[in-house]
2 protein chains.
Amino acid sequence: MSEIRKMELAVQIKMNEKLFLRNPELSELGRNIIKYSVVMIREKGFEDFTFKKLAQRIGTTEASIYRYFENKHRLLIYIVAWYWSYLEYKVVFYTQNLANPENRLKKIIELLAKPVTDDFSTDYIDEKLVYEVAVWEGSKAYLTKHVSKDNKDRLFKPYKDLCGRIANIIAEFNPRYKFPRSLSSTLLEMAHYQRFFMNNLPSLTDFGEDKSEERLYQFLYQLVFDSLKK
Amino acid sequence: MSEIRKMELAVQIKMNEKLFLRNPELSELGRNIIKYSVVMIREKGFEDFTFKKLAQRIGTTEASIYRYFENKHRLLIYIVAWYWSYLEYKVVFYTQNLANPENRLKKIIELLAKPVTDDFSTDYIDEKLVYEVAVWEGSKAYLTKHVSKDNKDRLFKPYKDLCGRIANIIAEFNPRYKFPRSLSSTLLEMAHYQRFFMNNLPSLTDFGEDKSEERLYQFLYQLVFDSLKK
DNA sequence: TTTTTATAATAGTAATACTATTATTTTAAA
DNA sequence: TTTAAAATAATAGTATTACTATTATAAAAA
């Protein structure tokens, strides 16, 4: 039974061609590159992660990894893009049955603040680790001098799509609110940053002592709905 | 006259000893390291910035720069810490004469959203450039595997101090609001991120087309005061 | 079966991030 | 004023990183 359900819910994220040189999904080596890069970036941090170390870990060579990704920054963008696509998939899945925008928004905030309940099988990718990589390293994907060039290549499309989708729900909930997109990106960023602060720089938050996911949720909930109260 | 006023308002930021190996303020070479690292990080982005290139630019050697800073990441932390200290100084200066917390908060949001009016002389540091470095590279100061170790060395104290100061004003304005510190860090982060988005990933904001600083200000103002309405 | 094509490994290079040692300048003591 | 000590900076390295050109091997097609 669980086999069948797993197959029904199996997620296949369609990735933009510009994100890679060769599609890593289509070979054992490629899938290993994704899987273990996520593991190692989490372990070492992005700065200490190198293609050489990854190659050693998965029993291949640096040059072979370079045939899949131009460089390690592109690989990071790939992972982060996968994460946002995956999250959008979840958002769509869990909100499609909800009638009014208020409930949809509430559900989204819940997904953001209380993430990663291993609900979809994504074969070779560990979604919990990808989430952590997104929190710790996600901003580095776009905080570069070549952000505009990368943006033209649509590398950030998954993030912008999700942001736009949430902004639409915000606008539906309160059409008179002036900043739906900024509120949406604030929600997305703060879901990550407040969690990072809670765990690592707790005095920047009000839920550092008990590291309470519930209070993080409440903060985001209030932030959004106080802004949208009519 | 302007000479005298300049002297009166000249800012001397006291920096934590752990931020450097040798105090760069105390030598011509040290001051050049700070001044031109800010220039070059802005020009090239932090990833492409190296001590070697900096050494060439200011006519010294790599090894000499290493006598001041352990590595380029520590130099970034120094610059960002200087920025937050400078901003806190400004906050104190511009709010000391304001009686009620509402006006103080309003002033702070103004300072954050409409920054860098060359009001204080800071001799060798270009505050406009430092602000831009803080926006583009600031998060990289703490988004590392050694954030906790760095935090124990109090490297992020200036950021946490400013965050705490604003949180206190928030709590004074509305003592029943539950998340003053998280709202404060959200305000600080979003002042940077929404500006970065506005200029580089405009569809994540609602002020991308006209790049309107005024609307960015309004967004932050509403975000804070809608949360604090009693 | 042979040829083509796809894929991966070998063997490099230039640049980066440092460090140990030596040289020079400044300061202080004799 | 001279000499010794201390502070400061430069030289000359090394190991690692980020990448590339070329060669080898395996798979698919003719």
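None of these values were measured; they are calculated from a predicted model. Throughout, a residue's number is its position along its own chain's written sequence, starting from 1. The lettering of chains begins at A and the numbering of ligands begins at 1, in the order of writing. With pLDDT at 70 or above as the cut-off, local features in this predicted model cover only qualifying residues; side-chain atom pairs require 80 or more to be listed or tallied, and sums for whole chains, interfaces and linings still use all residues. Neither water nor hydrogens contribute to the side-chain values; these are computed over all heavy atoms in the structure.

Student: How would you sum up the pattern of salt bridges? Please name residues and give values.
Tutor: In what follows, salt bridge is the name for a side-chain nitrogen of Lys or Arg lying within 4 Å of a carboxyl oxygen of Asp or Glu. A full pass over the atoms with the stated rule returns 37 salt bridges over all chains. Between A:Lys157 and A:Asp161 there is a salt bridge, with the nearest N and O atoms lying 2.9 Å from each other. With A:Lys157 and A:Asp161 both in helix 9 (residues 157–173) and 4 residues apart, this pair spans about one turn of that helix. A residue is classified by how much of its surface remains accessible, and A:Asp161, at 31% relative accessible area, is partly exposed. Residue B:Glu47 pairs with B:Lys140 through a salt bridge whose shortest N-O separation is 3.1 Å. Placement of B:Glu47 in the loop between helix 2 (28–44) and helix 3 (51–58) and of B:Lys140 in the loop between helix 7 (127–137) and helix 8 (147–152) is noted, with a sequence separation of 93 residues between them. Using a 1.4 Å probe on the protein chains alone, a residue whose accessible area is under 20% of its type maximum counts as buried, one over 50% counts as exposed, and one in between counts as partly exposed. Residue B:Glu47 is classed as partly exposed on the basis of its relative accessible area of 44%. A relative accessible area of 5% places B:Lys140 in the buried class. Ionic contacts of the salt-bridge type, sharing partners, join the residues B:Lys18, B:Glu70, B:Arg74, B:Asp150 and B:Asp153 into one network. Runs of H or I in DSSP of at least four residues are treated as helices and runs of E of at least two as strands, each being numbered from the N terminus.

Student: Describe the interface of chain A and chain B, listing the residues and the values that go with them.
Tutor: Contacts were defined at the residue level, with two residues in contact if any of their heavy atoms lie within 4.5 Å. Facing the 51 residues of chain A at the interface are 51 residues of chain B. Buried area is understood as the total, over both parts, of accessible area removed when two parts are fitted together, assessed with a 1.4 Å probe. Buried surface at the junction of chain A and chain B, both sides included, amounts to about 4,600 Å², of which 60% is carbon and sulfur. In terms of surface lost to chain B, no three residues of chain A exceed A:Leu143, A:Lys145 and A:Phe179, which account for 16% of the buried area on that side. Measuring nitrogen to oxygen at the nearest pair gives 3.6 Å for the salt bridge that ties B:Asp206 to A:Arg181. Polar contacts, as used here, are pairs of N or O atoms within 3.5 Å; protein pairs need one atom able to donate a hydrogen and one able to accept it. Residues neighboring in sequence count only if both atoms are side-chain atoms. Here chain A is connected to chain B by 19 residue pairs in polar contact (both at pLDDT 80 or more). Secondary structure elements with two or more residues in the side of chain A that touches chain B: helix 2 (28–44), helix 7 (127–137), helix 8 (147–152), helix 9, helix 10 (180–200) and helix 11 (213–228) of chain A. Ranked by the residues each element gives to the side of chain A that touches chain B, the list is headed by helix 10 of chain A, at 13 residues. Residue classes follow a fixed rule: Ala, Val, Leu, Ile, Met, Phe, Trp, Tyr, Cys and Pro count as nonpolar, while Asp, Glu, Lys and Arg count as charged, and any other residue, Gly among them, counts as polar. Considering only residue class, the side of chain A that touches chain B consists of 21 nonpolar, 15 polar and 15 charged.

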